[in-house]
Amino acid sequence: MQLLCDLSESELADVISALGEPKYRVKQIMRHIVAYDSFAEYTDIPKRIVAALSEKYIDVALKEKTRVTASDGAIRYLFETFDGDLVESVFLPHDYGNSVCVSCQVGCAMGCVFCASGHYGLKRNLSAGEILSQVLFIARDRKPDGVQKIVMMGSGSPLANYENTLKFIKSVNSPNGLNIGMRSISVSTCGLPRRMESLAADGFSGTLSLSLHAATDEKRKKIMRVAENYTVKECVAALKKYFEATGRRVIVEYILIDGFNMSDEDAAELKKLLGGLCCHINLIPLNPTDSCDLKPCSKKRAYEFEARLKKLGLSASVRRSMGSDVAGACGQLKNRTAEAEQKLRSD
Ligand code: SAH
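Note that this is a predicted model, so its numbers are computed, not measured.

### Describing unusual backbone geometry
- Between K143 and P144 the backbone carries a cis peptide bond, its omega angle lying at 5°.
- Take P144: it is sitting in the loop between α4 (128–141) and β9 (149–152).
- Positive phi, close to 60°, is recorded for N179, a residue that is not glycine.
- Its place among the elements puts N179 in the loop between α5 (162–173) and β10 (185–189).
- In this structure N179 comes out as partly exposed when scored by relative accessible area, which is 49%.
- Of note, H213 is a non-glycine position whose phi angle comes to about 70°, a positive value.

This is the structure in structure tokens:
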């Protein structure tokens, strides 16, 4: 069975027309998908339509299992899918608009050494509706403030789940959906250049972020498996094409790892690589994870590196990390299903 919120507006229109029902029901149901989480609440829609929909579609995509609130107000939600997988999302409150960080896969295939999400590999892609449901649930939960921004930076690699990522973005951007503007949607990638290049033509015009983390292929291969397949130059060329197609400044993410990628030489390599690109560099102090022995840096060193990059004429800032005391910060979301299964086997 499929989820109701997996349907795009035109797919829903086909379903309604096949049922012989009037067109205006489409918009009404789209609005109900945003406002309610179950068919039981569709009380102003004729019973025959709700019955026909519930024969074919699931209304509740995700059930909340737990939530933990961090001292900075970030909330890490753990959801269960209709088939028992676990999905994590993080709500990040800001004065300038609240964000939700969504997951797009159960686990992740990329195997970056610093990131807990890939520790158990990839279990499966999330459907567009499962990604959307994370935002819908949290927007309802956080009323009246709601959600104004979306970052695709939870578990999984959005561009490795390309079709569902695009479908999700179109749904969440739709005026009959949550109506979140493209400019308020960020997609982060470990660097899949061909997909990065097709995003603009496929209708995405939000913020594209590249997880670079090292300015040379040699160094990047030590921490990111994807660097075996694509060079930093290919990734940067793809960012440039995205900028040319959309006019949107791109973001380069750079984790600060003490003794690894923070020397003056690293700064000079970054300048060489990114000098001609309209980008901002987000410096992310490494967040600790269980399985990784890379070293975080001190605040002082982080700001020194930022100053060094600025002196070279690059735009850079140290990113404030949220949710780290509840394991909800960058790289700390993990495949808790796999973890639970492994624990069962070892007990
Ligand atoms: N899967 C996406 C989003 C990842 S999370 C991607 O690969 O781009 C957002 C950012 O946090 C990415 O740049 C990611 O590389 C980074 N990150 C991952 N693990 C981290 C950690 N332990 N500490 C700090 N940042 C981390």
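### Re the packing of aromatic side chains
- Across all of its chains, the model carries seven aromatic pairs by this definition.
- Here the aromatic residues Y36, F39 and Y42 are joined through ring pairs into a cluster of three or more.
- The side chain of R142 reaches across the aromatic face of F91, ending 5.6 Å from its centre.
- Taking NZ or CZ as reference, K219 lies 5.3 Å from the ring centre of F260, over its face.

### Brief notes about the pairing of strand β5 (residues 86–92)
- Across the seven residues of β5, seven count as buried, placing the element largely inside the fold.
- Two strands pair when backbone bridges link them, and strand β4 (residues 75–81) and β5 are joined in this way by six bridges, in the antiparallel orientation. The residue of β5 that forms the bridge with L78 is E88.
- The hairpin formed by β4 and β5 contains four residues between the paired strands, and G84 there has a positive phi angle of roughly 90°.
- The sheet contact formed by β5 and strand β6 (residues 99–101) spans three bridges and is antiparallel. Bridge pairing links F91 to V100 in β6.
- Hairpin remark: β5 followed by β6, antiparallel, with six residues in the connecting loop; positive phi at G97, about 125°.

### Quick word on the site of the ligand
- The environment of the ligand is made up of 18 residues, and the closest members are F114, S188, S211, H213 and N287.
- One of the side-chain nitrogen or oxygen atoms of S188 is found 2.6 Å away from an oxygen atom of the ligand.
- Note that a nitrogen atom of the ligand is positioned 2.8 Å from one of the backbone N or O atoms of N287.
- For the ligand, the accessible surface in isolation is 540 Å², of which the surrounding protein chains cover 95%.
- Of all the secondary structure elements, the ones that give two or more residues to the shell around the ligand are β10, β12 (250–256) and β13 (279–285).
- Grouping the constituent residues of the shell around the ligand by class yields nine nonpolar, eight polar and one charged.

### Description of the nonpolar core
- The biggest cluster of nonpolar side chains holds 100 residues, and the ones touching the most others in it are L4, I29, F168 and L274.
- Sort the elements by how many residues they give to this core and α4 lands first, with eight residues.
- Beyond its immediate chain neighbours, meaning those up to four positions away, F168 contacts V102, A128, I131, L132, V135, I150 and M152.

### Observations regarding the packing of α4 against α5
- As a packed pair, α4 and α5 sit with axes 8 Å apart at the nearest point and diverge in direction by 45°. Comparing their axes, α5 and α4 come out oblique. Classified by chirality, the crossing of α5 by α4 is right-handed. Contacts between α4 and α5 pair A128, I131, L132 and V135 from the former with N164, K167, F168, S171 and V172 from the latter.

### Concerning the pattern of salt bridges
- For the structure shown, the criterion picks out 20 salt bridges.
- In this structure, E253 engages R319 in a salt bridge whose closest nitrogen and oxygen atoms are separated by 3.9 Å. In this pair, E253 sits in strand β12 while R319 sits in the loop between β14 (316–318) and α11 (336–346), placing the two residues 66 residues apart along the sequence.
- Residue classification places E253 among the buried residues on the basis of a relative accessible area of 4%.
- The network of salt bridges with shared partners includes D83, D85, K123, R124 and E130.

Thresholds, definitions, all that
- Residue indices begin from 1 for each chain and proceed along its sequence in written order.
- The predicted origin of the model limits local features to residues at a pLDDT of at least 70 and limits the giving and counting of side-chain atom pairs to 80 or more, whereas totals for whole chains, interfaces and linings rest on all residues.
- Working from all heavy atoms in the structure, the side-chain values ignore hydrogens and water.
- Counting from the N terminus, the helices are the DSSP runs of H or I reaching at least four residues and the strands are the DSSP runs of E reaching at least two.
- Each residue's exposure class comes from its accessible area (1.4 Å probe, protein chains only) as a fraction of the maximum for that residue type: buried when under 20%, exposed when over 50%, partly exposed otherwise.
- Centres within 6.5 Å are what make two rings of Phe, Tyr or Trp a pair, Trp counting through its six-membered ring; a difference in plane orientation under 30 degrees is then read as stacked, over 60 as edge-to-face, and the rest as tilted.
- Criterion for a charge above a ring: Lys NZ or Arg CZ within 6 Å of the ring centre, and within 35 degrees of the ring normal.
- Paired strands, as defined in this entry, are two strands with at least two bridges between them according to DSSP.
- Proximity is defined per residue: any heavy atom of the residue falling within 4 Å of a molecule or strand makes that residue near it.
- For this analysis, a polar contact is any N or O atom pair within 3.5 Å, provided that within protein one partner can donate a hydrogen and the other can accept it, and provided that sequence-adjacent residues contribute only side-chain to side-chain pairs.
- To be clear on the numbers: accessible area is Shrake-Rupley with a 1.4 Å probe, and residue cover counts the displayed protein chains and nothing else.
- Each residue gets one of three labels, nonpolar for Ala, Val, Leu, Ile, Met, Phe, Trp, Tyr, Cys and Pro, charged for Asp, Glu, Lys and Arg, and polar for the others, Gly among them.
- In plain words, nonpolar cores are sets of buried Ala, Val, Leu, Ile, Met, Phe, Trp, Tyr and Cys residues tied together by side-chain atoms within 4.5 Å.
- Contacts are assigned to residue pairs with any non-hydrogen atoms lying within 4.5 Å of each other.
- What counts as an axis is a line fitted to C-alpha atoms, over the stretch in contact for a helix, and the angles between N-to-C directions run from 0 to 180 degrees.
- When an angle is under 35 degrees it counts as roughly parallel; over 145 it counts as roughly antiparallel; between 65 and 115 it counts as roughly perpendicular; any other value is oblique.
- Note: crossing handedness is left-handed where the near helix turns anticlockwise from the far helix by less than a right angle, and right-handed where it turns clockwise.
- We define a salt bridge as a contact between a side-chain nitrogen of Lys or Arg and a carboxyl oxygen of Asp or Glu at a distance within 4 Å.

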